[in-house]
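This is what each chain is made of:
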Amino acid sequence: MHPSHVGIGRVKTMQQHDTEYKMPTDLYSWFHAATKKQIRDFADPPEGLVVNVGAGYKTINGSNSNDVVALDYPEWDAENQPLPYDDSSIAGFIAFGFLEHINNPAEVLSEFQRCLKENGTVTIMVPYYNSQLQWQDLTHKKAYNEETWRCTFNNACFDKSVFPGESRSEWKFEVGINLIIGQEERNIFLLTQLIKRK
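Here the residue numbering is sequential within each chain, running from 1 through the sequence in written order. The predicted nature of this model means local features are confined to residues of pLDDT at least 70 and side-chain atom pairs, given and counted, to a pLDDT of 80 or more, with totals for whole chains, interfaces and linings taken over all residues. Only heavy atoms go into the side-chain values, all of them from the structure, while hydrogens and water stay out.

Q: Help me understand the pairing of strand 5 (residues 173–184) in this model?
A: Every regular strand shows the same layout, with side chains that alternate between the two sheet faces. The pairing criterion is simple: DSSP has to find at least two bridges between the two strands. For helices the rule is a DSSP run of H or I covering at least 4 residues; for strands it is a run of E covering at least 2, with both sets numbered from the N terminus onward. Bridging between strand 5 and strand 6 (residues 187–196) involves nine bridges; their strand directions are antiparallel. Residue pairing across strands places Asn 178 opposite Thr 192, the latter belonging to strand 6. What sits between strand 5 and strand 6 in their antiparallel hairpin is a turn of two residues.

Q: Would you mind showing me how to read the pairing of strand 6 here?
A: Relative accessibility under 20% of the residue-type maximum defines a buried residue, over 50% an exposed one, and the middle range a partly exposed one, all with a 1.4 Å probe and only protein chains included. With nine of ten residues buried, strand 6 is to be regarded as a mostly interior element. Two elements, strand 4 (residues 116–127) and strand 6, share seven bridges in a ladder whose sense is antiparallel. Residue pairing across strands places Met 125 opposite Leu 191, the latter belonging to strand 6.

Q: I'm lost on the packing of aromatic side chains in this one. Help?
A: How two aromatic rings sit relative to each other is given by the distance of their centres and the angle of their planes. Between rings of Phe, Tyr and Trp, where Trp is taken as its six-membered ring, a pair exists when centres lie within 6.5 Å; planes separated by under 30 degrees are stacked, by over 60 edge-to-face, and by other angles tilted. A complete count under the given rule lists eight aromatic pairs for this structure. Ring centres 5.6 Å apart and planes at 25 degrees place the aromatic pair Tyr 144 and Trp 149 in the stacked group. Exposure remark for Trp 149: the relative accessible area of 1% places this residue in the buried category. Relative to Phe 153, the ring of Trp 149 has its centre 6.3 Å away and its plane inclined at 20 degrees; by these criteria the two rings are stacked.

Q: What am I meant to see in the sheet that holds strand 3 (residues 90–96) here?
A: Picture the strands of a sheet paired through backbone hydrogen bonds; they go either parallel or antiparallel. Judged by pairing direction, the sheet is mixed, and its six strands sit side by side in the order 2-1-3-4-6-5 without closing on themselves. Since the sheet does not close on itself, it has two edges, and those belong to strand 2 (66–71) and strand 5, each with one partner. Between one strand axis and the next, the sheet turns through 15 degrees on average, direction left out of account. In terms of strand pairing, strand 3 meets strand 4 through six bridges, oriented parallel. By the bridge assignment for strand 4, Phe 93 is matched with Val 122. Any pair of residues with heavy atoms lying within 4.5 Å of one another is described as a contacting pair. The angle between two axes is taken between their N-to-C directions and runs from 0 to 180 degrees, where each axis is a line fitted to C-alpha atoms and a helix contributes only its stretch in contact. Relative to the sheet, helix 3 (residues 105–115) contacts strand 1 (48–53), strand 3, strand 4, strand 5 and strand 6, its axis offset from that of strand 4 by approximately 150 degrees.

Q: How do you make sense of the environment of Leu 49 when you look at a structure like this?
A: Relative to the assigned elements, Leu 49 resides in strand 1. Of the residues examined, Leu 49 reaches a relative accessible area of 25% and is grouped as partly exposed. Distance from Leu 49 to Phe 93, taken between C-alpha atoms, is 8.8 Å for residues 44 residues apart in sequence. For Leu 49, the residues in contact, after removing those within four places along its chain, are Asp 67, Val 69, Tyr 85, Ile 90, Ala 91 and Gly 92.

Q: Would you explain the side chain of Arg 114 in this entry?
A: In this fold, Arg 114 is placed in helix 3. At 3.1 Å, the side chain of Arg 114 and the backbone oxygen of Leu 83 are in polar contact. Under the rule applied, a polar contact is a pair of N or O atoms within 3.5 Å (in protein, one hydrogen donor and one hydrogen acceptor; residues adjacent in sequence only if both atoms are side-chain atoms). Looking at Arg 114, its side chain comes within polar contact range of the side chain of Asp 87, at 2.7 Å.

Q: Can you walk me through helix 3 in this structure?
A: Three- or four-residue spacings in an α-helix give side chains the same orientation, since the helix completes a turn every 3.6 residues. Taken across its eleven residues, helix 3 has ten buried, putting it largely inside the fold. Lining the buried residues of helix 3 we find strand 1, strand 3, strand 4, helix 5 (148–153), strand 5 and strand 6.

Q: Mind showing me how you'd approach helix 2 (residues 27–35) here?
A: The opening residue of helix 2, the one whose side-chain oxygen lies 3.2 Å from the backbone nitrogen of Tyr 28, is Asp 26. One or two residues past the end of helix 2 sits Lys 36, with phi positive at roughly 60 degrees.

Q: Would you take a moment to explain the pattern of salt bridges for this structure?
A: Two side chains with opposite charge may pair up if their charged atoms get near one another. The term salt bridge refers to a pairing of a side-chain nitrogen on Lys or Arg with a carboxyl oxygen on Asp or Glu at a separation within 4 Å. Taken as a whole, this structure holds seven salt bridges when the rule is applied. Between Glu 174 and Arg 40 there is a salt bridge; the shortest N-O distance is 2.9 Å. On the criterion of sequence distance, the pair formed by Glu 174 in strand 5 and Arg 40 in the loop between helix 2 and strand 1 is long-range, its members being 134 residues apart. Judged by relative accessible area, which is 41%, Arg 40 ranks as partly exposed. Notably, a salt bridge pairs Arg 186 with Glu 184, separated by 3.3 Å at the nearest N-O pair. Taking the relative accessible area as the measure of exposure, Arg 186 reaches 42% and is therefore partly exposed. A residue is classified by how much of its surface remains accessible, and Glu 184, at 37% relative accessible area, is partly exposed.

Listed below in structure tokens is the structure:
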């Protein structure tokens with residue numbers, strides 16, 4: 001075959017798979033243009049109160065439809081106390097740099113679930129399990145990876161005693177966005193949003 005025919009064949013094959021994109025302007029569109037994969041958007045919590053647990057020095061302001069309050073130790077001891085909110089009364093929880101410090105995060109997650117309204121959200125950021133950030137801090141008690149939520153919420157052998165009362169409920173969380181994210185290899189995070197469904 002003549003070399004020019006080989007080149008023409010290659011060009012045709014590439015053109016059949018080309019996809020046109022507008023000039024990317026943000027992380028989502030750059031990622032999509034590079035990989036042809038979509039990153040899910042964050043879900044908005046329903047109208048109402050959002051609680052920033054383990055807030056420390058992190059202040060997050062509210063929006064038109066959501067007030068945000070901070071809840072941290074000593075007002076709430078996550079290891080020993082239920083959340084001070086009624087069932088189905090909270091629109092969302094924010095937990096940045098919090099769950100990795102908890103001995104039994106399943107109990108805290110069950111409290112989030114109890115307090116959340118339907119379609120309420122939990123937005124979590126924790127160090128990624130194999131990052132230096134995870135292991136250089138001696139106060140980190142648990143490690144997380146992108147499979148943590150699937151394994152937790154879909155485990156038939158899960159100990160339901162973490163759920164309060166006699167109901168022995170089931171997990172109602174759907175994993176929304178779930179990203180491994182960071183600016184340098186040693187400081188990588190897992191950024192996840194959980195959504196409470198019926």
